[in-house]
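Residues per chain are reported as follows:
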Amino acid sequence: MTDPIALFREWFEEARASGAEVPEAMTLASADAEGRPSARMLLLKSADERGFTFFTGYESRKGRELAENPRAALVFYWRPLGRQVRVEGTVRRLSAEESDEYWATRPPRSRAAATASRQSEPLESLEALGADAERLLAEHGGDVPRPERWGGYLLEPEAIELWQHRDDRLHARVRYTRAREGWHAERLAP
């Protein structure tokens, strides 16, 4: 297969069918303007020909890092299948319309929590945060609007590596790099 995103989607569906716990879990690695790296777990919301989509607070640490340095990497690991996928590329914000569309699918409590939270900022107390979320739910009748400081990102891949475990440690690794027309594939030593 010469389309690594299509292959990723195939592997993702196999991970889901295998019973892998939270197959959409991924590590997002970013770095600030000085190159200091950080990584955290997020959830993939979609993968298509454009790239890989996730949502978060624009003012969070990751949001600030992506604003300073829009290059990032993702890692997926599905232990039941012995598979790993690494993705590297450039990140850009999704449109407000795309963020609103996804926001509308979130449960009311999830919307209230995202609105109440000043992600990555020091927190006075978890109880106060919960009270803010409850106040927002009551104030908006459960239909809490999306704050401007929250939305989606698209990682546009420049390289995708698919890794398959083998018991003899001769793991199968194929790296795809974006070429002028399509993708270039090459095998890598384990």
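Quick notes on the rules
- Residues numbered from 1 in each chain as written.
- Predicted model: local features only at pLDDT ≥ 70, side-chain atom pairs only at ≥ 80, totals over all residues.
- Heavy atoms only, no water.
- Salt bridge = Lys/Arg side-chain N within 4 Å of Asp/Glu carboxyl O.
- Helix = DSSP H or I, 4+ residues; strand = E, 2+ residues; numbered from the N terminus.
- Buried < 20%, exposed > 50% of the residue type's maximum accessible area, 1.4 Å probe, protein only.
- Axes fitted to C-alpha atoms, helices over the stretch in contact; angles between N-to-C directions.
- Parallel < 35°, antiparallel > 145°, perpendicular 65-115°, else oblique.
- Left-handed = near helix turned anticlockwise from the far one by under 90°.
- Contact = heavy atoms within 4.5 Å.
- Nonpolar A, V, L, I, M, F, W, Y, C, P; charged D, E, K, R; others polar.
- Pairing = 2+ DSSP bridges.

Draft legend 1. Structural detail: the pattern of salt bridges. Scanning the model with the defined rule gives 20 salt bridges in all. The partner of Glu161 in a salt bridge is Arg86, with the nearest N and O atoms 2.9 Å apart. Of this pair, Glu161 sits in strand β7 (residues 150-164) while Arg86 sits in strand β6 (residues 83-93), and the two are 75 residues apart along the sequence. With a relative accessible area of 6%, Glu161 lands in the buried category. One salt bridge in this structure joins Arg135 and Glu139, with 3.0 Å as the shortest N-O distance. With a gap of 4 residues between them, Arg135 and Glu139 both fall in helix α5 (residues 126-140), about one helical turn apart. Here the salt bridges do not stand alone but share partners, grouping Arg86, Glu88, Glu161 and Arg173 into one network.

Draft legend 2. Local environment of the packing of helix α4 (residues 108-116) against α5. Orientation of α4 relative to α5, taken along the N-to-C sense of each, is 120°, at an axis distance of 8 Å. Viewed along their axes, α4 and α5 adopt a mutual orientation that is oblique. As α4 packs across α5, the resulting crossing turns out to be right-handed. Where α4 abuts α5, its residues Pro108, Arg109, Ala112, Ala113, Thr115 and Ala116 lie against Leu129, Asp132, Ala133, Glu134, Leu136 and Leu137. For the contact of α4 with α5, the residue count by class is 8 nonpolar, 1 polar and 3 charged.

Draft legend 3. Local environment of the pairing of strand β4 (residues 51-57). The element β4 is extensively covered by neighbouring structure, given that 7 of its 7 residues are classed as buried. When strand β3 (residues 46-48) meets β4, the two strands line up antiparallel, connected through 3 bridges. The residue bridging Asp48 from the neighbouring strand is Gly51, located in β4. What sits between the antiparallel neighbours β3 and β4 is a turn of 2 residues. Two strands pair when backbone bridges link them, and β4 and β7 are joined in this way by 6 bridges, in the antiparallel orientation. Across the sheet, Thr53 pairs through a bridge with Leu154, a residue of β7.

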